[in-house]
Amino acid sequence: MGIKSTYFVLVNTNFYNVFSAQSRKLLGRIKACGHEIGLHFDEMQYEICGNWELLCKKIGEEADMLSSILGSQVRVVSMHRPSKGLLEEDLKIPGLVNSYQHIFFREFKYFSDSRMHWREDVVAGIDKEKNKKLHILTHPFWYGEEVGSLKSRLSEFINRAGKERYEWLDMNFRELGEVLKYKILN
């Protein structure tokens, strides 16, 4: 359909290792589909305290790390749960488009599915006559082949993480099954 998107990736997270072979392969598949990979930056990983110069430096460092993994330049950054101060700051970051700059909220119609909840009807908002420029934030985490609830999606995430951890151990621990069997949590 010719639709392209930007997928934002955390470099600094306990949920996945962006440097792992599996993550690099998945990022390559996203790029091969014609999509862009951007940096999803979490200011809470650092003691920034309103020091916007330091924040820009840390964003640049993480963008460089992600660029080295991708083999191409990261051009855009999106903030992960930005602080009130960061939202109020019209932060210009050298070499990167900041998707939280004021222009993207003042000149674009913004929609988000935070916590699996659209605050407005996004389908109605995708009206060329009504909204010429759209800024739509979606979290693939919330979606699957079947409709699920917030609780079911979070439970699936926890169970999938446990299974992935068990499989990793199984590859690196001889005869793991003799010591421990994997069980799905409810």
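This text goes with the structure placed above it.
Cut-offs applied
- Residues numbered from 1 in each chain as written.
- Predicted model: local features only at pLDDT ≥ 70, side-chain atom pairs only at ≥ 80, totals over all residues.
- Heavy atoms only, no water.
- Helix = DSSP H or I, 4+ residues; strand = E, 2+ residues; numbered from the N terminus.
- Contact = heavy atoms within 4.5 Å.
- Areas by Shrake-Rupley, 256 points an atom, 1.4 Å probe, with all protein chains shown as cover.
- Lys, Arg positive; Asp, Glu negative; His and termini not counted.
- Charge placed at Lys NZ, Arg CZ, Asp CG, Glu CD.
- Axes fitted to C-alpha atoms, helices over the stretch in contact; angles between N-to-C directions.
- Parallel < 35°, antiparallel > 145°, perpendicular 65-115°, else oblique.
- Nonpolar A, V, L, I, M, F, W, Y, C, P; charged D, E, K, R; others polar.
- Pairing = 2+ DSSP bridges.
- Core = buried A, V, L, I, M, F, W, Y, C linked by side-chain atoms within 4.5 Å.
- Buried < 20%, exposed > 50% of the residue type's maximum accessible area, 1.4 Å probe, protein only.
- Expected span 1.5 Å × (residues − 1).

K.L.:
Give a description of the overall build of the chain that names residues and reports values.
P.N.:
Tallying secondary structure elements over the chain gives seven helices and six strands in all. In the chain, the succession of helices and strands from N to C terminus is β-α-β-α-β-α-β-α-β-α-β-α-α. In terms of its C-alpha atoms, the chain occupies a principal-axis envelope of roughly 60 × 40 × 35 Å. Of the contacts made within the chain by residues no fewer than 6 positions apart, 53% connect residues no fewer than 24 positions apart. Just so you have it, the chain exposes about 13500 Å², and 55% of that area is on carbon and sulfur atoms. Of the charged side chains in the chain, 27 are positive and 25 negative; the average position of the first set lies 3 Å away from that of the second.

K.L.:
Go over the packing of helix α1 (residues 21-32) against helix α2 (residues 52-70) with me, naming the residues and quoting the values.
P.N.:
Following both chains from N to C, one finds α1 and α2 inclined at 80°, their axes separated by 10 Å at the closest point. By the angle between their axes, α1 is roughly perpendicular relative to α2. Where α1 approaches α2, its residues Arg24, Leu27 and Lys31 are matched on the opposing element by Leu66, Ile69 and Leu70. Taken together, the residues that form the contact of α1 with α2 break down as four nonpolar, no polar and two charged.

K.L.:
How would you explain the sheet that holds strand β4 (residues 97-98) if you had to name every residue and give the values?
P.N.:
Backbone-to-backbone hydrogen bonds join strands into a sheet, with any given pair of strands oriented parallel or antiparallel. Pairing in this open sheet of four strands is parallel, and the strands run β1-β2-β3-β4 from one edge to the other. Both outer strands of the open sheet, β1 (6-10) and β4, are each paired with one neighbouring strand and no more. With two bridges connecting them, strand β3 (residues 76-79) and β4 associate as parallel partners. Across the sheet, Val76 pairs through a bridge with Val97, a residue of β4. α2 contacts β1, β2 (36-41) and β3 of the sheet and is inclined by roughly 145° relative to β2.

K.L.:
Quick one: what's the story with the nonpolar core, residue by residue and with numbers?
P.N.:
Counting 25 residues, the largest nonpolar core has Leu39, Ile59 and Leu66 as the members making the most contacts within it. Among the secondary structure elements, those contributing two or more residues to this core are β2, α2 and β3. Here this core gets eight residues from one element, more than from any other, and that element is α2. For Ile59, the contacting residues outside a window of four places in its chain are Leu39, Phe41, Val77, Met79, Ile93 and Leu96.

K.L.:
Summarise the environment of Lys183; cite the residues concerned and give the values.
P.N.:
Summarising the element assignment, Lys183 is placed in the segment after α7 (176-179). For the pair Lys183 and Arg115, spaced 68 residues apart in sequence, the C-alpha separation works out to 27 Å.

K.L.:
So what's going on with the pairing of strand β6 (residues 134-137)? Residues and values would help.
P.N.:
Because side chains alternate across β6, one face comprises the buried residues His135 and Leu137, and the other comprises Leu134 and Ile136, none of which is buried. As paired strands, strand β5 (residues 109-112) and β6 are joined by four bridges and run parallel to one another. Bridging from a neighbouring strand, Lys109 pairs with Leu134 of β6.

K.L.:
Would you mind going over unusual backbone geometry in detail, with residue names and values included?
P.N.:
Of note in the backbone geometry, Cys49 takes a positive phi value of approximately 50° without being a glycine. Among the structural elements, Cys49 can be located in the loop between β2 and α2. Residue Cys49 is classed as exposed on the basis of its relative accessible area, which comes to 79%. Although it is not a glycine, Arg115 sits at a positive phi angle of roughly 55°. Mapping Arg115 onto the fold places it in the loop between β5 and α5 (122-125).

K.L.:
Explain α2 residue by residue, including any values.
P.N.:
End to end, α2 covers 26 Å across 19 residues, agreeing with the expected 27 Å (1.5 Å per residue, within 8%). Listing the buried residues of α2 in full gives Trp52, Leu55, Cys56, Lys58, Ile59, Glu62, Ala63, Leu66, Ser67, Ile69 and Leu70. Against β1, α1, β2, β3 and α3 (84-88) lie the buried residues of α2. Downstream of α2 by a residue or two, Gly71 has a phi angle that is positive, lying close to 75°.

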